[in-house]
Amino acid sequence: MASSPLIDPDVLERVLASALRRGGDMAEVFAEDRRSSSAVLDDRRVEELASGRERGAGVRVVDGDTTGYAHTADLSQAGLLAAAEVAAAVARAGGGGTRTVALGPVASAGDRSLVDPAAVDKGRKLELLARADDAARAAGGAITQVQVSYGDSRRRVLVATTDGVHVEDDQVRTRLSVSCVATGDTGMQTGYESVARTEGFEVFDRVAVADLAQVAANRALRKLSARPAPSGELPVVLAGGSGGFLFHEACGHGLEADHIVKDASVYTGRVGEQVASPLVTLVDDGTVAGEWGNFAFDDEGRPAARNVLIQDGVLTDYLWDWLRARKEGRTSSGNGRRQSYQHLPMVRMTNTFLLAGTEDPEELVAQTPRGVYIAKLGGGQVNTATGDFVFGTSEAYLIEDGRITAPLRDANVIGNGPDILRRIDAVATDFAMMPGTCGKDGQSVPVGCGQATLRVTGITIGGTAT
Amino acid sequence: MSDLVALADRVVDGARAGEEVEAYVARGHDVEIRAYEGEIESLSSATTGGVGVRVLVRGEGGARLGFAWAGSLEADVVDDALAEARDNAAFATPDPHLALAEPDGVTPAELDLWDPTVAETATDDKVALALEVERRLRAADPRIRQVPSVDYADERVEVALASTTGIRAYSCRTGAYLAAAAIAGDGPDSHTGTGISAARGFAGLDVERVCADAVARSTRMLGATKPPSGRVTVVFDQRAASTLLAIVSGALSGEAVVKGRSFFAGRVGEQVATGSVTLADDPTDARAFRAAAYDAEGLACRRNLLIESGVLLGFLYDTVSARRAGVASTGSAVRGGYAGTPGVGCRAVVLVPGQLDLEGILASVETGLFVQSMIGVHSGVNPVSGDFSVGVEGLMVRGGELAEPIREATIASTLQRMLQSVLHVGCDLEWLPGVAAGQTLAVADMQLSGN
């Protein structure tokens, strides 16, 4: 899929030079051309087949601690120069004047997708939806509603800066999710499962959508006989791949340098300290091929990297974008991301995961006399200042006498990040990842989360049963 | 205005024989300013525009619908979107209920939602406002140790809609927002309080309120501890109640009902809430932040009374869900900008106010919990089953007054049960950004989980 550059290098050079005309330390052009398609099957019908195209560029000018930003859907030289003019208005320090900017050859990640979803016949995508719908409904007569959602996108990105960054990336993402409603005597229950990968349509050569649909349907069906979740503090065993969001919320956000430099995180100033159980080694890694938070270059043109955040329980580093790294005189960790060209970049996670341990996952349950087993988590949220965080359960069971027993209705679980990290007393070997969408300051980006089965000695379950 | 309407008309004129076409064209101007430590941390400004095109083709077994959107108003890109929507329609499942909206004779309300001060105010004055709030917050209280962000934002939005079925609508609105966060305390006993103000224009923003809220909400949480578990009466403050109301109104969507995804399905005429609950969605109230003359299919918005004295009267519908249910659209189509297709949604949910204000409601509670903010609403509330479990911070209520602060706790129940347990609806109605008004709300018998 060789293609011409989104913006010619000589135009980029002129726009960057113009952006620093009034002064400033750095100027950047971020251009994006994103094509997407989606299809939704709901209530047995393909209701919505949609295609979208978003193309534009943002110009950023940084002058001291101040950032100016303007974006435009007009990628012509005139359009970009107009955006540069607006972005440059924040530069007040002076020191501008005529600048020349010379960019080197573009570094390109090339295309890592085998099968561009845009080239796949729409009928083949719809077959996937029908197959998933059939499988979900076949899982049980109590399945009363099924929604299957498919989406793909190809995002071409170009970043050029007055610091000499000049890169292109080509990110292809494909996803499919199934939501089921089961209806019984006690009302309705829901089940959800998804696959989401930074790769092309070839993902469906490996992933059987019928299996995915069955998992979602069974989740809803089992909950029909669920009892209310307990209220209060109990030991919790999180299944492998169910709850990487635990770390995303419990400490991931709190390790983002924008919170750190503003002293708005409980983890500020704690590098080198034991912040977690020695069983915890936490990594954020944008390079893991195919995972939902994977890319070759971040949205500031920095190569994706593997960053160890917590090693054997000791805090080793934070996550950095260009702006916050500069303030500390270091380099970005490759975590500068943005939702689209209409947004400023900020510090974001990529694929965040806990390295596997040595325990047998079944033994871990057997050694827990009473507690809650969470097979699948929903989303979560954190208050980074206090470290208090929640995550929802979407498939959970009681553990009684070391055995997984009654299914539980959905509830939120609440804990304090630094406290919960210290209460992890066992980590198993069955590592798995799962995809998610991370929201921060109104921007959404795809992320991956991962962990093996683990146990927290006590965490507050927000159910109603006493 | 005319260029957007002309563009929508041009798309619709491209309809081929046997096709119905609808064009939704939007343009927005946005400014966002963040202040930090006496400086502008960031200032962005932009104009965005785009088009969403739906093509409907009738045939054997019903109509097929295709959709395409583009983030551009340039003619060639818009033409591509029409062609792509047409192609997509060919793959959809024929459905007898699919249709574009048709004029229904309801006259749209005359609403003035455009405040010229948004465009007229100089950027420097907007910057000065953000810096002023930051300065005041830092000086407000010695316990405030950090003001991580003060944000000013405004927008001017224009939308034109046209269709081959006779829809033609143009509307424009402005909005201005001010939001600030303050952190009180040190180390693990750090608490964030936020203040927000939203108005139609620059002049309507309430700086005093933003500062007072950010300070009070952060400082009163100092020393918060995890409470013991138990059953309590919960008093939701205006902001928390607005969030709660928005969730409940999601289950009043006729689309969720006809697809068997609402716990309200099949319950019209039943007592679903206590008699103190009378709930309407009224986008024609110009004070509502999301007030609108037209819905997202170009029909007139109207006041829809949904629950009266606790009895469920009906649901909200857009054109397609109404046809599925065999009723008429209630003018309740919404969409998430030009990249989204219409769906059912509320814009201005409001409860008929009761007699008591916050103080009066607290005075009626011997022991309870006052909730100032909730987290995990998207993960802990299931609008299909009604299961409700969210993280909260707030203050205990003892002897009818606010007492010690609490954190790291959850409250849980089901939405069905909560509606049947509403003790008081506050008289303190305030329009907040979002789809529901803020009114203090007291709900009996929820499970508080802590130690």
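Here the residue numbering is sequential within each chain, running from 1 through the sequence in written order. Note on labels: chains are lettered from A, ligands numbered from 1, in written order. Local features are withheld for residues below a pLDDT of 70 in this predicted model, meaning they are given only at 70 or higher, and side-chain atom pairs are given and counted only at 80 or more; totals for whole chains, interfaces and linings count all residues. Heavy atoms from the whole structure form the basis of all side-chain values; hydrogens and water molecules are not counted.

## So, the overall build of chain B
What counts as a helix is a DSSP run of H or I of at least four residues, what counts as a strand is a run of E of at least two, and both are numbered from the N terminus. Across its full length, chain B carries 11 helices and 18 strands. In summary, chain B has a C-alpha radius of gyration of 24 Å against a globular reference of 22 Å for 451 residues, a match within 12%. With the principal axes as the frame, chain B shows a C-alpha extent of 70 × 55 × 35 Å. For the exposure calls, accessible area comes from a 1.4 Å probe over protein chains only, and a residue counts as buried if that area is under 20% of its type's maximum, exposed if over 50%, partly exposed in between. The buried share of chain B, taken over its 451 residues, is 61%. Contacts are assigned to residue pairs that have any heavy atoms within 4.5 Å of one another. Counting contacts in chain B only where the partners sit at least 6 residues apart, residues at least 24 apart contribute 71% of the total. In the form shown here, chain B has an accessible surface area of approximately 16000 Å², with 51% of it arising from carbon and sulfur atoms. Measuring between centres, the 38 positive side-chain charges of chain B sit 4 Å from its 60 negative side-chain charges. Throughout, radius of gyration means the C-alpha value; the globule benchmark is 2.2 Å times the number of residues raised to the power 0.38. All accessibility values rest on the Shrake-Rupley procedure with a 1.4 Å probe; residue burial counts only the protein chains present in the view. Two residue types count as positive, namely Lys and Arg, and two as negative, namely Asp and Glu; His and chain ends fall outside the count. All charge positions are set by atom: Lys at NZ, Arg at CZ, Asp at CG, Glu at CD.

## Brief notes about the overall build of chain A
If you tally the helices and strands in chain A, you get 10 helices and 22 strands. Relative to the globule expectation of 23 Å for 466 residues, the C-alpha radius of gyration of chain A, 24 Å, shows essentially globular dimensions. For chain A, the proportion of contacts with a sequence separation of at least 24, taken over those separated by at least 6, is 74%. Here chain A has roughly 15700 Å² of accessible surface; of this, 48% comes from carbon and sulfur atoms. The centroid of the 48 positive side-chain charges in chain A is displaced by 3 Å from the centroid of its 62 negative side-chain charges.

## A word on the domain arrangement of chain B
All names here are of chain B. For the purposes of this description, domain bounds are those given by an automatic or database domain assignment. Segmentation of chain B into domains returns domain 1 (2-219) and domain 2 (230-449). Listed by partner, the interface residues are 48 residues for domain 1 and 35 residues for domain 2. Simply put, the buried area is the total loss of 1.4 Å probe accessible area from both parts when two parts are fitted together. The contact between domain 1 and domain 2 buries some 3400 Å² in all, and 57% of this surface belongs to carbon and sulfur atoms. The three residues of domain 1 that bury the most area against domain 2 are Tyr24, His97 and Arg217, which together make up 18% of that side's buried surface. One side-chain nitrogen of Lys or Arg within 4 Å of one carboxyl oxygen of Asp or Glu is enough to make a salt bridge. At the boundary of domain 1 and domain 2, one finds 7 salt bridges. Two N or O atoms count as a polar contact when they lie within 3.5 Å, although within protein this holds only if one can serve as hydrogen donor and the other as acceptor, and sequence-adjacent residues are included solely when both atoms are side-chain atoms. Taken together, the connections running from domain 1 to domain 2 amount to 14 residue pairs in polar contact (both at pLDDT 80 or more).

## Digging into the packing of aromatic side chains
Geometry of aromatic contacts follows a simple scheme: Phe, Tyr and Trp rings, the Trp one being its six-membered ring, pair when their centres are within 6.5 Å, and the pair is stacked under 30 degrees between planes, edge-to-face over 60, tilted otherwise. Applying the stated criterion to the full structure yields 10 aromatic pairs over all chains. Ring geometry for B:Phe263 and B:Phe264: centres 4.5 Å apart, planes at 40°, overall tilted. Taken individually, B:Phe263 and B:Phe264 each receive the classification buried, so the pair is uniform in this respect. Aromatic rings pair up to connect A:Tyr150, A:Phe201 and A:Phe204 into one cluster. Two conditions define a charge sitting above a ring: the NZ of Lys or the CZ of Arg must be within 6 Å of the ring centre, and it must be within 35 degrees of the ring normal. The positively charged end of A:Arg173 is found above the aromatic ring belonging to A:Trp292, 5.9 Å away from the centroid.

## Comments concerning the sheet that holds strand β10 (residues 311-312) of chain B
Residues and elements named next belong to chain B. The antiparallel open sheet is built from 4 strands, whose spatial order is β10-β9-β8-β13. The open sheet has two free edges, formed respectively by β10 and β13 (349-351), since each of these has just one partner strand. In the sheet, strand β8 (residues 279-281) pairs with strand β9 (residues 304-308) via 3 bridges, with the strands oriented antiparallel. Its bridge partner being in β9, alanine 280 is matched across the sheet by leucine 305. Strand pairing follows a simple DSSP-based rule, namely that at least 2 bridges must link the two strands.

## Description of the sheet that holds strand β21 (residues 443-451) of chain A
All names here are of chain A. Ordered in space as β11-β10-β9-β14-β21-β20, the 6 strands form an open sheet in which the pairing is mixed. Each having just a single partner strand, β11 (314-315) and β20 (432-440) make up the two edges of the open sheet. Taken together, the 3 bridges between strand β9 (residues 282-285) and strand β14 (residues 351-354) define a ladder with antiparallel strand orientation. Paired with leucine 282 across the bridge in β14 is leucine 354.

## Some points on the pairing of strand β3 (residues 66-72) of chain A
Taken across its 7 residues, β3(A) has 7 buried, putting it largely inside the fold. Judged by which residues are buried, β3(A) turns out to be covered on both faces: A:Thr66, A:Gly68, A:Ala70 and A:Thr72 on one side and A:Thr67, A:Tyr69 and A:His71 on the other are all buried. Pairing of strand β2 (residues 45-63) of chain A with β3(A) involves 7 bridges; the strand directions are antiparallel. Bridge pairing in β3(A) links A:Asp63 to A:Thr66. Here β2(A) folds back onto β3(A) in antiparallel fashion, the turn holding 2 residues, of which A:Gly64 has a positive phi close to 65°. Alignment of β3(A) against strand β2 (residues 39-59) of chain B, held across 5 bridges, turns out to be parallel. Within β2(B), the residue paired with A:Gly68 across the bridge is B:Leu43.

## Overview of the nonpolar core
To form a nonpolar core, buried Ala, Val, Leu, Ile, Met, Phe, Trp, Tyr and Cys residues must be joined to one another through side-chain atoms within 4.5 Å. One finds B:Phe236, B:Phe264, B:Phe388 and B:Ile411 to be the most contacted residues of the largest nonpolar core, which totals 52 residues. The element that contributes the greatest number of residues to this core is helix α6 (residues 238-250) of chain B, accounting for 6 residues.

## So, the pattern of salt bridges
Counted under the stated rule, the structure contains 76 salt bridges over all chains. Salt-bridge contacts for A:Arg423 lead to A:Glu233; the nearest nitrogen and oxygen are separated by 2.9 Å. Here A:Arg423 is found in the loop between α10 (417-422) and β19 (424-427), whereas its partner A:Glu233 is found in strand β8 (residues 231-238), with 190 residues between them in sequence. Judged by its relative accessible area of 36%, A:Glu233 falls in the partly exposed class. Sharing partners across several salt bridges, the network here consists of A:Asp42, A:Asp43, A:Arg45, A:Glu47, B:Asp95, B:Glu255, B:Lys259, B:Arg261 and B:Arg324.

## Digging into the domain arrangement of chain A
Residue and element names in this part refer to chain A. Split by domain assignment, chain A resolves into domain 1 (9-223) and domain 2 (231-462). Taking only C-alpha atoms, the centre of domain 1 and the centre of domain 2 are 23 Å apart. Contacts between the two partners involve 47 residues from domain 1 and, on the opposite side, 36 residues from domain 2. Interface area, domain 1 with domain 2, both sides summed: about 3200 Å², of which 50% is carbon and sulfur. Put simply, domain 1 and domain 2 have 10 salt bridges between them. With a closest N to O distance of 3.2 Å, lysine 376 and glutamate 193 form a salt bridge. The interface formed by domain 1 and domain 2 holds 26 residue pairs in polar contact (both at pLDDT 80 or more) in total.

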